[in-house]
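Structural characterization, general
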Amino acid sequence: MSFQNNIFFQKVRDYSVSKEIFELHHNPEYDILITFPKPSLEKLPSYYESDDYISHTDGKRSLFERAYQLIKGIALKNKLKLINAQSQKGKILDIGAGTGDFLVVSKNDGWDTIGIEPSEKAKGIALNKGVKFAESLSSLENNSFDVITMWHVLEHVPNLDEYIVELKRLLKPTGTIIIAVPNFKSFDANYYGKFWAAYDVPRHIWHFSKTAIEKLFSEKGMKLTEVLPMKFDSFYVSLLSEKYKSGKMNFIRAFFVGLKSNFSGKQTNEYSSHIYIIKNQ
């Protein structure tokens, strides 16, 4: 894969950590946005050093965090239902496991679980919940997983092509990959523009469309079989986007933008975030 002939799309600020400005470049062949410049591997961890990086904590310090944790509980039940619909119980790998809650509910439901998590802070919380971790993808055996999940993780990986090759290597011939990522073609992305929180530069290096996911995985011998909406994401993202745009969280406006985004998604099939079901072929 080579992303050539990219076109400038827009400038976006890192609102949550560095306040630096980055560019988004559009590749028309894959219909993907790419953050430019891409941070070096040495500097990248510094962009995650924030107490506000909510997926690395179990915090309930504010109304926003309490709402996030409540919705996370509902989402965990939906995720568990989804993996059980895709596969008989077997071995599951969750990449970017965060504080481990998804692996905890999966293990309690009978799955053999293991995770990957680069954040030592988040991993420490998960270890106290009994979650098992591998040190790296390369340490795992070929064709060993029935299901591999990446909940809002693929957009973070620096070496996209190599990563997809590794996913293919780890997956059983009958296995399933489940990937959730934001969708820059959604109503809320268009509404908020450069303030759209799901751009989250430079932590989000890649910004996917359905075309991008389908092409990237088909090139590695895998098939996109289903696309599902993540309807809660439009509300969460709109709330953060309101904060970036005006300096304060406007709960009422964010709720109506999130609602409108979901109504729009019903017509266009372009929701704030999508879950992609990918099979070996």
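What comes next concerns the included structure. No experiment lies behind these values; they were computed from the predicted model shown.

Criteria and cut-off values
- Residues numbered from 1 in each chain as written.
- Predicted model: local features only at pLDDT ≥ 70, side-chain atom pairs only at ≥ 80, totals over all residues.
- Heavy atoms only, no water.
- Pairing = 2+ DSSP bridges.
- Helix = DSSP H or I, 4+ residues; strand = E, 2+ residues; numbered from the N terminus.
- Axes fitted to C-alpha atoms, helices over the stretch in contact; angles between N-to-C directions.
- Contact = heavy atoms within 4.5 Å.
- Patch = residues over 30% accessible without salt bridge, like charges linked within 9 Å, V, L, I, M, F, W, Y side chains within 5 Å.
- Areas by Shrake-Rupley, 256 points an atom, 1.4 Å probe, with all protein chains shown as cover.
- Salt bridge = Lys/Arg side-chain N within 4 Å of Asp/Glu carboxyl O.
- Buried < 20%, exposed > 50% of the residue type's maximum accessible area, 1.4 Å probe, protein only.
- Phe/Tyr/Trp six-rings, centres within 6.5 Å; stacked < 30°, edge-to-face > 60°.
- Lys NZ or Arg CZ within 6 Å of the ring centre and 35° of its normal.

**Description of the sheet that holds strand 10 (residues 273-280)**
- Overall, mixed pairing links the 6 strands, which are arranged 5-4-6-7-10-9 in an open sheet. The open sheet has two free edges, formed respectively by strand 5 (112-116) and strand 9 (222-229), since each of these has just one partner strand. The mean angle between the axes of side-by-side strands here comes to 20 degrees, regardless of whether they run parallel or antiparallel.
- Pairing between strand 9 and strand 10: 7 bridges, direction antiparallel. By the bridge assignment for strand 10, glutamate 226 is matched with isoleucine 277.

**Focus on the environment of lysine 91**
- Structurally, lysine 91 can be placed in strand 4 (residues 91-95).
- The spatial distance from the C-alpha of lysine 91 to the C-alpha of isoleucine 148 is 8.7 Å, given a sequence separation of 57 residues.
- If near-sequence neighbours (up to four positions away) are discounted, lysine 91 is found in contact with Trp111, Asp112, Ser144, Phe145, Asp146 and Val147.

**A look at a nonpolar patch on the surface**
- On the surface, Ile71, Ile74 and Phe232 cluster together to form a nonpolar patch covering roughly 230 Å² of accessible area.
- Mapped onto the elements of the fold, isoleucine 71 is located in helix 1 (residues 63-86).
- Judged by relative accessible area, isoleucine 71 falls into the partly exposed class, the value being 32%.

**Considerations on the sheet that holds strand 8 (residues 206-207)**
- Taken together, the 4 strands give an open sheet; going across it, the order is 1-2-3-8, and neighbouring strands pair in antiparallel fashion. In this open sheet, the two edge strands, each paired with only one partner strand, are strand 1 (7-13) and strand 8.

**Regarding the packing of aromatic side chains**
- Under the definition given, this model contains 12 aromatic pairs.
- Geometrically, the ring pair formed by tyrosine 191 and tyrosine 192 is edge-to-face, given 4.8 Å between the ring centres and 85 degrees between the ring planes.
- Under the relative-accessibility criterion, tyrosine 192 is labelled buried at 3%.
- The interplanar angle of 25 degrees and the centroid separation of 5.5 Å between the aromatic rings of phenylalanine 235 and phenylalanine 255 together place this pair among those described as stacked. Of the two residues, phenylalanine 235 sits in helix 7 (residues 231-246) while phenylalanine 255 sits in helix 8 (residues 251-268), which places them 20 residues apart along the sequence.
- A residue is classified by how much of its surface remains accessible, and phenylalanine 255, at 42% relative accessible area, is partly exposed.
- Counting every residue linked through ring pairs, the aromatic cluster contains Phe3, Tyr30 and Trp206.
- Between the NZ or CZ atom of lysine 123 and the centre of the ring of phenylalanine 133, over which it lies, the distance is 5.6 Å.
- A cation sits over an aromatic face here: lysine 215 above tyrosine 30, 5.3 Å from the ring centre.

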